[in-house]
Amino acid sequence: EDQVTQSPEALRLQEGESSSLNCSYTVSGLRGLFWYRQDPGKGPEFLFTLYSAGEEKEKERLKATLTKKESFLHITAPKPEDSATYLCAVQSVFTNKLIFGTGTLLAVQP
Amino acid sequence: EPEVTQTPSHQVTQMGQEVILRCVPISNHLYFYWYRQILGQKVEFLVSFYNNEISEKSEIFDDQFSVERPDGSNFTLKIRSTKLEDSAMYFCASKQGTYEQYFGPGTRLTVT
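Conventions used here
- Residues numbered from 1 in each chain as written.
- Chains lettered and ligands numbered in written order.
- Predicted model: local features only at pLDDT ≥ 70, side-chain atom pairs only at ≥ 80, totals over all residues.
- Heavy atoms only, no water.
- Buried < 20%, exposed > 50% of the residue type's maximum accessible area, 1.4 Å probe, protein only.
- Helix = DSSP H or I, 4+ residues; strand = E, 2+ residues; numbered from the N terminus.
- Pairing = 2+ DSSP bridges.
- Disulfide = S-S within 2.5 Å.
- Contact = heavy atoms within 4.5 Å.
- Buried area = accessible area lost by both parts, 1.4 Å probe.
- Salt bridge = Lys/Arg side-chain N within 4 Å of Asp/Glu carboxyl O.
- Polar contact = N/O pair within 3.5 Å; in protein donor to acceptor, adjacent residues only side chain to side chain.
- Nonpolar A, V, L, I, M, F, W, Y, C, P; charged D, E, K, R; others polar.
- Axes fitted to C-alpha atoms, helices over the stretch in contact; angles between N-to-C directions.
- Phe/Tyr/Trp six-rings, centres within 6.5 Å; stacked < 30°, edge-to-face > 60°.

**Q** Kindly report on the pairing of strand S11 (residues 107-111) of chain B, identifying the contributing residues and their values.
**A** Residues and elements named next belong to chain B. A one-sided burial pattern is seen for S11, the buried positions being Thr 107, Leu 109 and Val 111 and the unburied ones Arg 108 and Thr 110. Strand direction decides the pairing type here: strand S2 (residues 10-13) and S11, joined by four bridges, are parallel. Bridge pairing in S11 places His 10 opposite Arg 108. Both strand S9 (residues 88-95) and S11 contribute to a ladder of three bridges, which runs antiparallel. In the sheet register, Met 89 faces S11, and the bridge partner there is Arg 108.

Shown next, in the form of C-alpha coordinates:
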(Lines give C-alpha, C1' and ligand atoms only; values in the text may rest on other atoms or scores of the structure.)
Protein backbone atom coordinates (compact mmCIF):
# COMPACT_ATOMS: atom_id res chain seq x y z
CA GLU A 1 0.00 0.00 0.00
CA ASP A 2 1.28 3.46 -0.93
CA GLN A 3 1.90 5.64 2.09
CA VAL A 4 3.63 8.80 3.28
CA THR A 5 5.00 9.54 6.75
CA GLN A 6 6.15 13.01 7.73
CA SER A 7 8.28 14.05 10.67
CA PRO A 8 8.36 15.87 12.94
CA GLU A 9 4.64 16.53 13.46
CA ALA A 10 5.46 20.02 14.68
CA LEU A 11 8.59 22.17 14.65
CA ARG A 12 9.24 25.47 16.35
CA LEU A 13 12.19 27.54 15.09
CA GLN A 14 13.64 30.92 15.85
CA GLU A 15 13.87 33.31 12.94
CA GLY A 16 17.08 32.50 11.06
CA GLU A 17 17.40 28.99 12.54
CA SER A 18 17.71 26.55 9.63
CA SER A 19 16.22 23.05 9.76
CA SER A 20 14.83 20.17 7.68
CA LEU A 21 11.50 18.41 7.41
CA ASN A 22 11.35 14.73 6.49
CA CYS A 23 8.98 12.81 4.24
CA SER A 24 9.37 9.02 4.07
CA TYR A 25 7.39 7.20 1.44
CA THR A 26 6.58 3.80 0.03
CA VAL A 27 4.99 3.70 -3.38
CA SER A 28 4.56 1.13 -6.13
CA GLY A 29 6.43 3.05 -8.80
CA LEU A 30 6.99 6.75 -8.15
CA ARG A 31 5.63 9.15 -10.73
CA GLY A 32 6.31 12.19 -8.58
CA LEU A 33 6.73 13.50 -5.05
CA PHE A 34 5.10 16.84 -4.30
CA TRP A 35 5.55 19.42 -1.56
CA TYR A 36 2.72 21.77 -0.68
CA ARG A 37 2.30 24.55 1.85
CA GLN A 38 -1.03 24.87 3.67
CA ASP A 39 -2.07 27.89 5.72
CA PRO A 40 -4.88 27.50 8.29
CA GLY A 41 -8.30 27.17 6.63
CA LYS A 42 -6.80 27.31 3.13
CA GLY A 43 -6.09 24.90 0.31
CA PRO A 44 -2.67 23.32 -0.31
CA GLU A 45 -0.36 25.63 -2.27
CA PHE A 46 2.02 23.91 -4.67
CA LEU A 47 5.74 24.28 -3.96
CA PHE A 48 7.79 21.57 -5.73
CA THR A 49 7.66 18.40 -7.78
CA LEU A 50 10.50 15.86 -7.64
CA TYR A 51 10.55 12.97 -10.08
CA SER A 52 13.69 10.93 -9.46
CA ALA A 53 16.29 10.19 -6.79
CA GLY A 54 19.03 12.80 -6.67
CA GLU A 55 16.83 15.59 -7.92
CA GLU A 56 16.81 18.93 -6.07
CA LYS A 57 14.56 21.99 -6.42
CA GLU A 58 14.92 25.42 -4.79
CA LYS A 59 12.63 28.36 -4.21
CA GLU A 60 13.67 31.28 -2.03
CA ARG A 61 14.51 29.84 1.41
CA LEU A 62 13.24 26.33 0.57
CA LYS A 63 15.12 23.44 -1.00
CA ALA A 64 13.63 20.01 -1.64
CA THR A 65 15.67 16.87 -2.18
CA LEU A 66 14.72 13.29 -3.05
CA THR A 67 16.16 9.82 -2.43
CA LYS A 68 14.61 6.44 -3.20
CA LYS A 69 12.94 6.31 0.21
CA GLU A 70 12.54 9.87 1.44
CA SER A 71 12.47 13.55 0.70
CA PHE A 72 13.70 16.48 2.73
CA LEU A 73 12.48 20.05 2.73
CA HIS A 74 15.33 22.23 3.93
CA ILE A 75 14.45 25.67 5.26
CA THR A 76 17.34 28.12 5.35
CA ALA A 77 17.16 31.18 7.61
CA PRO A 78 13.38 31.00 7.99
CA LYS A 79 11.18 34.03 8.57
CA PRO A 80 7.88 34.23 10.49
CA GLU A 81 5.98 34.26 7.19
CA ASP A 82 7.27 30.72 6.52
CA SER A 83 5.04 29.50 9.35
CA ALA A 84 2.54 26.99 7.88
CA THR A 85 1.86 23.29 7.57
CA TYR A 86 4.07 21.64 4.96
CA LEU A 87 2.51 18.66 3.20
CA CYS A 88 4.25 15.92 1.27
CA ALA A 89 2.36 13.81 -1.27
CA VAL A 90 3.25 11.04 -3.71
CA GLN A 91 1.71 9.87 -6.94
CA SER A 92 2.16 6.33 -8.19
CA VAL A 93 2.64 5.53 -11.86
CA PHE A 94 -0.56 3.46 -11.64
CA THR A 95 -2.93 6.23 -10.54
CA ASN A 96 -3.65 9.94 -10.86
CA LYS A 97 -4.36 10.53 -7.19
CA LEU A 98 -2.11 12.06 -4.58
CA ILE A 99 -1.41 10.27 -1.29
CA PHE A 100 -0.72 12.82 1.41
CA GLY A 101 1.17 12.68 4.69
CA THR A 102 -0.18 14.29 7.83
CA GLY A 103 2.11 17.29 7.43
CA THR A 104 4.62 19.17 9.57
CA LEU A 105 3.34 22.25 11.37
CA LEU A 106 6.15 24.81 11.28
CA ALA A 107 6.15 27.84 13.57
CA VAL A 108 8.90 30.45 13.11
CA GLN A 109 9.18 32.90 15.96
CA PRO A 110 10.67 36.39 15.50
CA GLU B 1 -2.16 34.04 -12.33
CA PRO B 2 -4.94 31.49 -13.01
CA GLU B 3 -6.34 29.76 -9.95
CA VAL B 4 -8.95 27.22 -8.93
CA THR B 5 -12.01 28.80 -7.32
CA GLN B 6 -14.64 27.18 -5.11
CA THR B 7 -18.06 28.20 -3.85
CA PRO B 8 -19.42 28.49 -1.27
CA SER B 9 -16.57 29.00 1.18
CA HIS B 10 -18.73 27.64 3.99
CA GLN B 11 -21.88 25.51 3.79
CA VAL B 12 -23.99 24.52 6.76
CA THR B 13 -26.59 21.83 6.19
CA GLN B 14 -28.78 19.47 8.18
CA MET B 15 -28.21 15.73 8.21
CA GLY B 16 -30.01 14.05 5.33
CA GLN B 17 -30.00 17.12 3.10
CA GLU B 18 -28.39 17.30 -0.34
CA VAL B 19 -25.48 19.66 -0.96
CA ILE B 20 -23.68 20.70 -4.11
CA LEU B 21 -20.15 22.04 -3.90
CA ARG B 22 -18.93 24.00 -6.89
CA CYS B 23 -15.53 24.47 -8.44
CA VAL B 24 -14.13 26.34 -11.41
CA PRO B 25 -10.85 24.64 -12.40
CA ILE B 26 -8.03 26.40 -14.24
CA SER B 27 -9.23 26.88 -17.80
CA ASN B 28 -6.76 24.80 -19.82
CA HIS B 29 -6.58 21.93 -17.34
CA LEU B 30 -7.81 18.47 -18.29
CA TYR B 31 -7.89 16.51 -15.03
CA PHE B 32 -10.16 17.38 -12.12
CA TYR B 33 -10.22 16.09 -8.57
CA TRP B 34 -12.05 16.29 -5.28
CA TYR B 35 -10.27 15.73 -1.97
CA ARG B 36 -11.45 16.19 1.58
CA GLN B 37 -9.74 16.96 4.87
CA ILE B 38 -11.46 16.18 8.14
CA LEU B 39 -10.28 18.56 10.87
CA GLY B 40 -6.83 17.54 12.09
CA GLN B 41 -6.48 14.71 9.58
CA LYS B 42 -4.80 14.04 6.25
CA VAL B 43 -5.98 15.31 2.91
CA GLU B 44 -7.82 12.32 1.38
CA PHE B 45 -8.55 11.59 -2.28
CA LEU B 46 -12.19 11.20 -3.24
CA VAL B 47 -12.44 11.12 -7.03
CA SER B 48 -10.71 12.03 -10.27
CA PHE B 49 -12.44 13.06 -13.49
CA TYR B 50 -11.08 13.11 -17.03
CA ASN B 51 -12.65 13.28 -20.46
CA ASN B 52 -16.12 13.68 -18.95
CA GLU B 53 -16.03 10.59 -16.83
CA ILE B 54 -14.77 9.33 -13.48
CA SER B 55 -11.29 7.88 -13.93
CA GLU B 56 -10.72 6.79 -10.34
CA LYS B 57 -12.54 6.90 -7.02
CA SER B 58 -11.77 6.00 -3.43
CA GLU B 59 -13.79 3.77 -1.11
CA ILE B 60 -15.09 6.96 0.54
CA PHE B 61 -16.80 7.93 -2.74
CA ASP B 62 -19.88 5.75 -2.39
CA ASP B 63 -23.33 6.02 -3.98
CA GLN B 64 -24.08 9.13 -1.91
CA PHE B 65 -21.49 11.07 -3.90
CA SER B 66 -21.55 12.15 -7.53
CA VAL B 67 -19.57 14.52 -9.73
CA GLU B 68 -20.51 16.43 -12.82
CA ARG B 69 -19.01 18.84 -15.31
CA PRO B 70 -22.22 20.52 -16.46
CA ASP B 71 -20.52 22.97 -18.80
CA GLY B 72 -17.04 23.90 -19.98
CA SER B 73 -16.03 25.63 -16.78
CA ASN B 74 -17.74 24.20 -13.70
CA PHE B 75 -17.04 20.97 -11.81
CA THR B 76 -19.42 19.95 -9.03
CA LEU B 77 -19.52 17.47 -6.17
CA LYS B 78 -22.95 16.41 -4.94
CA ILE B 79 -23.63 14.65 -1.68
CA ARG B 80 -27.18 13.28 -1.81
CA SER B 81 -27.94 12.68 1.86
CA THR B 82 -25.36 14.23 4.16
CA LYS B 83 -24.17 12.55 7.34
CA LEU B 84 -22.46 14.05 10.36
CA GLU B 85 -19.21 12.37 9.31
CA ASP B 86 -19.27 14.26 5.98
CA SER B 87 -18.28 17.42 7.86
CA ALA B 88 -14.89 18.40 6.45
CA MET B 89 -13.04 20.79 4.16
CA TYR B 90 -13.59 19.79 0.54
CA PHE B 91 -10.90 20.76 -1.95
CA CYS B 92 -11.17 20.81 -5.70
CA ALA B 93 -7.96 20.43 -7.70
CA SER B 94 -7.03 20.44 -11.35
CA LYS B 95 -3.99 19.73 -13.49
CA GLN B 96 -2.96 20.18 -17.07
CA GLY B 97 -1.47 16.79 -17.88
CA THR B 98 1.31 14.93 -16.17
CA TYR B 99 2.10 17.91 -13.98
CA GLU B 100 1.26 19.03 -10.49
CA GLN B 101 -2.26 19.47 -9.14
CA TYR B 102 -3.42 22.94 -8.15
CA PHE B 103 -5.88 23.20 -5.32
CA GLY B 104 -8.71 25.60 -4.63
CA PRO B 105 -9.29 27.38 -1.32
CA GLY B 106 -11.82 24.79 -0.17
CA THR B 107 -15.42 24.63 1.01
CA ARG B 108 -15.98 24.02 4.69
CA LEU B 109 -18.99 21.71 5.00
CA THR B 110 -20.68 21.53 8.39
CA VAL B 111 -23.42 18.93 8.84
CA THR B 112 -25.62 19.41 11.90
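**Q** Any details on the state of the cysteines? Residues and values, ideally.
**A** Residue and element names in this part refer to chain A. Tallied over the entire structure, the rule returns two disulfides over all chains. With a sulfur-sulfur separation of 2.0 Å, Cys 23 is cross-linked through a disulfide to Cys 88. Between Cys 23 and Cys 88 the disulfide shows an S-S torsion of about -65°. By sign, it is left-handed. Within this pair, whereas Cys 23 is found in strand S3 (residues 19-26), its partner Cys 88 is found in strand S9 (residues 84-92), the two being separated by 65 residues in sequence. With respect to class, Cys 23 is no different from Cys 88; both count as buried.

**Q** Go over the interface of chain B and chain A, please, and point to the residues and values.
**A** With 20 residues of chain B in contact, the opposing surface of chain A contributes 20 residues. Summed over both sides, the interface of chain B with chain A buries roughly 1,600 Å², with 55% coming from carbon and sulfur. The tally of links from chain B across to chain A stands at one salt bridge. Lys 97 of chain A is paired through a salt bridge with Glu 56 of chain B; the nearest N and O atoms lie 4.0 Å apart. Remark: the boundary between chain B and chain A carries eight residue pairs in polar contact (both at pLDDT 80 or more). Elements with a contribution of two residues or more to the side of chain B that touches chain A: strand S4 (31-37), strand S5 (43-50), S9 and strand S10 (102-103) of chain B. No other element matches S4 of chain B, which puts four residues into the side of chain B that touches chain A. Of the residues contributing to the side of chain B that touches chain A, the split by class is eleven nonpolar, four polar and five charged.

**Q** So what's going on with the side chain of Thr 107 of chain B? Residues and values would help.
**A** Summarising the element assignment, Thr 107 of chain B is placed in strand S11. In contact with Thr 107 of chain B, not counting residues within four places along its chain, are Gln 6, Thr 7, Pro 8, Ser 9, Gln 11, Leu 21, Ala 88, Met 89 and Tyr 90 of chain B.

**Q** Please provide a residue-by-residue account of the sheet that holds strand S8 (residues 70-75) of chain A, values included.
**A** Residue and element names in this part refer to chain A. Ordered by their spatial adjacency, five strands build an open sheet running S1-S3-S8-S7-S6, and the pairing between neighbours is antiparallel. In this open sheet, the two strands that pair with only one neighbour each are strand S1 (3-7) and strand S6 (56-59). With strand direction ignored, the average angle separating the axes of adjacent strands in the sheet is 15°. Across five bridges, strand S7 (residues 62-66) lies against S8 in antiparallel orientation.

**Q** Describe the packing of aromatic side chains, naming the residues involved and giving the relevant values.
**A** On inspection of all chains with the given rule, the structure shows 14 aromatic pairs over all chains. A ring pair is formed by Phe 32 of chain B and Phe 75 of chain B, whose centres lie 5.6 Å apart and whose planes are at 40°; its orientation type is tilted. Remark: Phe 75 of chain B occurs in strand S8 (residues 75-79) and Phe 32 of chain B occurs in strand S4; sequence separation between them is 43 residues. A relative accessible area of 4% places Phe 32 of chain B in the buried class. Residue Phe 75 of chain B is classed as buried on the basis of its relative accessible area of 0%. Between Tyr 33 of chain B and Tyr 35 of chain B, the ring centres sit 6.2 Å apart and the planes meet at 35°, which makes this aromatic pair tilted. With a relative accessible area of 0%, Tyr 35 of chain B lands in the buried category. The rings of Tyr 36, Phe 46 and Phe 100 of chain A together with Tyr 33, Tyr 35, Phe 45, Tyr 102 and Phe 103 of chain B are connected pair by pair, giving a single aromatic cluster.

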